[in-house]
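# Observations on the three-dimensional arrangement
Spelled out from the first residue to the last, the chains are:
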Amino acid sequence: MIPLPLARIAEITSGALSGMADPRAVVRGPVVIDSRQVEPGSLFVAFRGGRVDGHDYAAQAIRAGAVAVLATRPVDAPAVIVPDAAAALADLATAQAASLPDTTVIGVTGSAGKTSTKDLLARLTARIGPTIAPAGSFNNELGHPLTVLRADVDTRFLVLELAARTIGHIQDLTRIAPPQIGVVLNVGTAHLGVFGGKEAIAKAKGELVEALPRTGVAVLNADDPLVSEMASRTDARVTLFGRSEAAAIRAEDVTVDARGRASFTLRTPSGAAPVTLKLYGEHAVENALAAAAAGYELGLPVATIAEELSEAVPRSRWRMEVTDRPDGVTVVNDAYNANPDSMRAAFRALAALSGERRRFAVIAALRELGDESDVLNGELGRLAGGAGLTGLIVAGPDAGPVLDGAFAAASQEAGPGGPPPPGTRIVHVADAEAAAAELAGWLRPGDVVLVKGPRAMGLERTAELLLGGAAQ
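Quick caveat, the model's predicted, so the values are computed rather than measured.

Moving on: the overall build of the protein chain. The secondary structure content of the protein chain amounts to 17 helices and 22 strands. Over its C-alpha trace the protein chain gives a radius of gyration of 24 Å, about what one expects of a compact globule, namely 23 Å for 472 residues. Each principal axis of the C-alpha distribution contributes one length, and for the protein chain these read about 75 × 55 × 45 Å. Here the protein chain, with 472 residues, has 54% of them falling under the buried criterion. Taking all contacts inside the protein chain whose residues are at least 6 apart in sequence as the whole, residues at least 24 apart take part in 65%. By element, 50% of the accessible surface of the protein chain is carried by carbon and sulfur atoms, the whole surface being about 19,200 Å². Each charge class in the protein chain was averaged separately, 44 positive and 53 negative side chains, and the resulting centres sit 3 Å apart.

This is the structure:
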């Protein structure tokens with residue numbers, strides 16, 4: 001971050017110095033909300049959570065080198081006391097962003113693929129200049145300002161991921177760091193129960209393009225009507241990406257290899273170049289195109305874009321991580337989160353990657369689907385039950401609709417993924433650990449396992465146990 005004295009931090013956040021805080025003491029960063037991440041020169045922001053109160057770690061943070069604590073009540077440490085820590089964090093980030101006139105802010109949103117696209121785009125912008133992008137999915141009212149506060153006067157690009165949990169959420173995030181380029185990937189069914197319908201989700205995602213200046217660029221998915229229609233909601237220039245002829249940046253001649261990795265010709269208005277992705281799943285093509293479109297608007301040559309996309313590997317954990325165990329079992333850890341759209345993409349990737357090998361899956365009932373929950377979870381079960389699996393494990397609570405759909409599909413002669421093999425096994429277990437234990441008795445060399453579910457289920461633990469068991 002740009003160094004700031006405590007007096008200036010108090011002014012920005014409308015706070016008051018406390019605990020013998022020296023107004024001349026300078027915070028040089030980073031700004032953190034976890035006391036374990038404190039470094040010399042840090043500002044520790046204390047939040048009171050459901051199980052842990054950051055205020056209890058104020059003294060520990062100071063001992064670790066923090067200059068002060070941003071807190072909502074007096075603590076046994078130098079502090080800036082504010083009424084609302086989240087609001088103060090946002091105010092601080094807003095002020096920092098405003099002091100970076102030479103930094104280009106790029107926002108990425110969508111129902112699926114935000115993190116992967118953000119990672120690809122950050123790789124592209126790094127070819128031009130110093131880039132700051134969030135680690136993993138720092139995309140909410142805390143992660144977003146924390147990422148902005150990592151920037152300094154040398155930062156040329158801020159690549160930010162913006163999530164929407166309610167109408168107006170993205171609008172609030174764009175006020176912290178106003179974007180010059182806005183990328184909208186898709187409008188799906190993630191958080192359908194929160195928003196009440198895809199049109200409301202589109203309204204929320206479109207807040208990103210509404211925030212763009214006339215001199216900015218909206219990068220929109222030509223193949224998603226709810227996204228392409230957002231062109232009418234901005235005065236910025238519009239660039240379309242996708243597979244259709246309407247897209248200025250598009251993929252042609254897409255093929256998928258035996259490991260589920262896509263290759264295609266990247267077509268742009270100034271030429272074309274071949275791309276061979278190291279990322280797994282054909283859905284990575286759309287993410288790559290979105291990043292390519294933004295990179296193209298920044299002036300990167302198509303050959304450079306293609307080169308970087310072809311060399312990219314996953315940067316964020318638990319998103320189509322494909323690992324081969326020493327015994328030949330392949331574990332696909334896509335457990336970071338899940339919604340109906342990403343589940344379909346994951347099962348397509350599993351089919352491409354496994355080929356004729358035996359395939360298994362560990363999934364869980366999807367969350368935040370509102371009145372459509374039973375219907376959509378039933379569809380998930382039918383998708384899984386008809387995906388040619390040798391075994392399916394459904395973990396966690398509310399699994400009834402998923403199991404019912406899976407049994408119904410597996411009993412048919414054919415399903416969306418082809419006929420299930422004789423003796424398809426479908427079981428329900430309590431949690432991620434039980435899923436790993438059950439699978440241990442099923443797997444044999446050469447099998448492929450997909451692990452995917454909502455964040456709350458923590459199914460990455462299943463994948464970790466499967467891989468850890470092989471390594472011991």
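Tallying each qualifying case throughout the model produces 29 salt bridges. Notably, a salt bridge pairs D34 with R36, separated by 2.8 Å at the nearest N-O pair. With its nearest N and O atoms 2.7 Å apart, the salt bridge here joins E297 to R237. In this pair, E297 is assigned in helix 11 (residues 284-297) and R237 in strand 13 (residues 237-242), connecting sequence segments 60 residues apart. Linked by salt bridges that have partners in common, R123, R127, E307 and E308 make up one network.

Before going further, it helps to examine the packing of aromatic side chains. By convention here, two paired aromatic rings are described through the distance between centres and the angle between planes. The final tally for this structure, using the stated rule, is 1 aromatic pair. Summarising the aromatic geometry, the rings of F360 and W442 are spaced 6.1 Å apart at their centres and angled 40° between planes, so their arrangement reads as tilted. You can see F360 sitting in strand 19 (residues 359-364) and its partner W442 sitting in the loop between helix 16 (432-440) and strand 22 (448-451), a full 82 residues away along the chain. Comparing F360 with W442, the two get one shared label, buried.

Chain-level pLDDT for the protein chain is 93 on average; 95% of the residues reach the 70-or-more range. Low pLDDT (under 50) marks residues 413-417, which in the prediction has 9 contacts with non-local residues, meaning those over four places away or in another chain.

Two elements, strand 13 and strand 14 (residues 249-256), share 2 bridges in a ladder whose sense is parallel. Across the sheet, the residue bridging to G242 is R250, located in strand 14. Here strand 14 runs beside strand 15 (residues 261-268); their pairing, made up of 5 bridges, is antiparallel. What sits directly across from R250, in strand 15, is R267. If you look at the hairpin formed by strand 14 and strand 15, you'll find 4 residues sitting between the two strands, and G260 has a positive phi there, around 80°.

Burial analysis of strand 19 places 6 of its 6 residues in the buried class, which makes it a mostly covered element. On strand 19, burial covers both faces: R359, A361 and I363 on one face and F360, V362 and A364 on the other are all buried. Bridge count for strand 19 against strand 22 is 4 bridges, and the pairing is parallel. Within strand 22, the position partnered with A361 by the bridge is L450. Traced from strand 19 through helix 14 (residues 373-385) to strand 20 (residues 391-395), the parallel crossover comes out right-handed.

Time to look at the packing of helix 13 (residues 340-354) against helix 14. The interhelical angle for the contact between helix 13 and helix 14, taken along N-to-C directions, is 0°, at an axis separation of 11 Å. It follows that helix 13 is roughly parallel to helix 14 by the angle criterion. In contact with P340, M343, R344 and F347 of helix 13, helix 14 contributes L376, L380, L383 and A384. For the contact of helix 13 with helix 14, the per-class residue count stands at 7 nonpolar, no polar and 1 charged.

Let's shift gears to the environment of G400. Following the sequence through the fold, G400 ends up in helix 15 (residues 400-410). In sequence terms G400 and D253 are 147 residues apart; their C-alpha atoms lie 41 Å from each other.

Another aspect to go through is the environment of S137. Within the secondary structure, S137 is located in the loop between strand 9 (131-132) and helix 5 (143-148). Residue S137 is classed as buried on the basis of its relative accessible area, which comes to 15%. Sequence separation of S137 and T115 is 22 residues, and the distance between their C-alpha atoms is 6.0 Å.

As for its position among the elements, K205 is in helix 8 (residues 198-205). No salt bridge is formed by the buried K205; the nearest opposite charge belongs to E161, separated by 8.6 Å. Contacts of K205, omitting those with residues within four sequence positions, involve T109, G110, S111, A164, I170, V184 and M230.

A separate point is unusual backbone geometry. Along the chain, G29 connects to P30 via a cis peptide bond; the corresponding omega equals 0°. Its identity is not glycine, yet M20 carries a phi of approximately 60°, on the positive side. Looking at where M20 falls in the secondary structure, it is placed in the loop between strand 2 (16-18) and strand 3 (26-27). Positive phi, close to 50°, is recorded for M320, a residue that is not glycine. Mapped onto the elements of the fold, M320 is located in the loop between helix 12 (302-311) and strand 17 (321-324).

A word on helix 14. Between its first and last C-alpha, helix 14 extends 18 Å over 13 residues, near the 18 Å set by a 1.5 Å rise per residue. Along helix 14, the residues classified as buried are L376, N377, G378, L380, G381, L383, A384 and G385.

Moving on to the packing of helix 14 against helix 15. Any two packed helices are characterised by how steeply their axes cross, that is the angle between the axes, and by the distance between the axes. Direction vectors running N to C along helix 14 and helix 15 enclose 40°, while the axes themselves pass 6 Å from each other. Classified by the angle their axes make, helix 14 and helix 15 are oblique. For the pair helix 14 and helix 15, the sense of crossing is right-handed. Of the residues in helix 15, those in contact with D374, N377, G378, L380, G381, R382 and G385 of helix 14 are P401, V402, G405, A406, A409 and A410. The class makeup of the residues in the contact of helix 14 with helix 15 is 6 nonpolar, 5 polar and 2 charged.

Calculation criteria
Residues numbered from 1 in each chain as written. Predicted model: local features only at pLDDT ≥ 70, side-chain atom pairs only at ≥ 80, totals over all residues. Heavy atoms only, no water. Helix = DSSP H or I, 4+ residues; strand = E, 2+ residues; numbered from the N terminus. Rg over C-alpha atoms; globule rule 2.2 N^0.38 Å. Buried < 20%, exposed > 50% of the residue type's maximum accessible area, 1.4 Å probe, protein only. Contact = heavy atoms within 4.5 Å. Areas by Shrake-Rupley, 256 points an atom, 1.4 Å probe, with all protein chains shown as cover. Lys, Arg positive; Asp, Glu negative; His and termini not counted. Charge placed at Lys NZ, Arg CZ, Asp CG, Glu CD. Salt bridge = Lys/Arg side-chain N within 4 Å of Asp/Glu carboxyl O. Phe/Tyr/Trp six-rings, centres within 6.5 Å; stacked < 30°, edge-to-face > 60°. pLDDT = per-residue confidence, 0-100. Pairing = 2+ DSSP bridges. Right-handed = clockwise from strand over helix to strand, strands pointing away. Axes fitted to C-alpha atoms, helices over the stretch in contact; angles between N-to-C directions. Parallel < 35°, antiparallel > 145°, perpendicular 65-115°, else oblique. Nonpolar A, V, L, I, M, F, W, Y, C, P; charged D, E, K, R; others polar. Expected span 1.5 Å × (residues − 1). Left-handed = near helix turned anticlockwise from the far one by under 90°.

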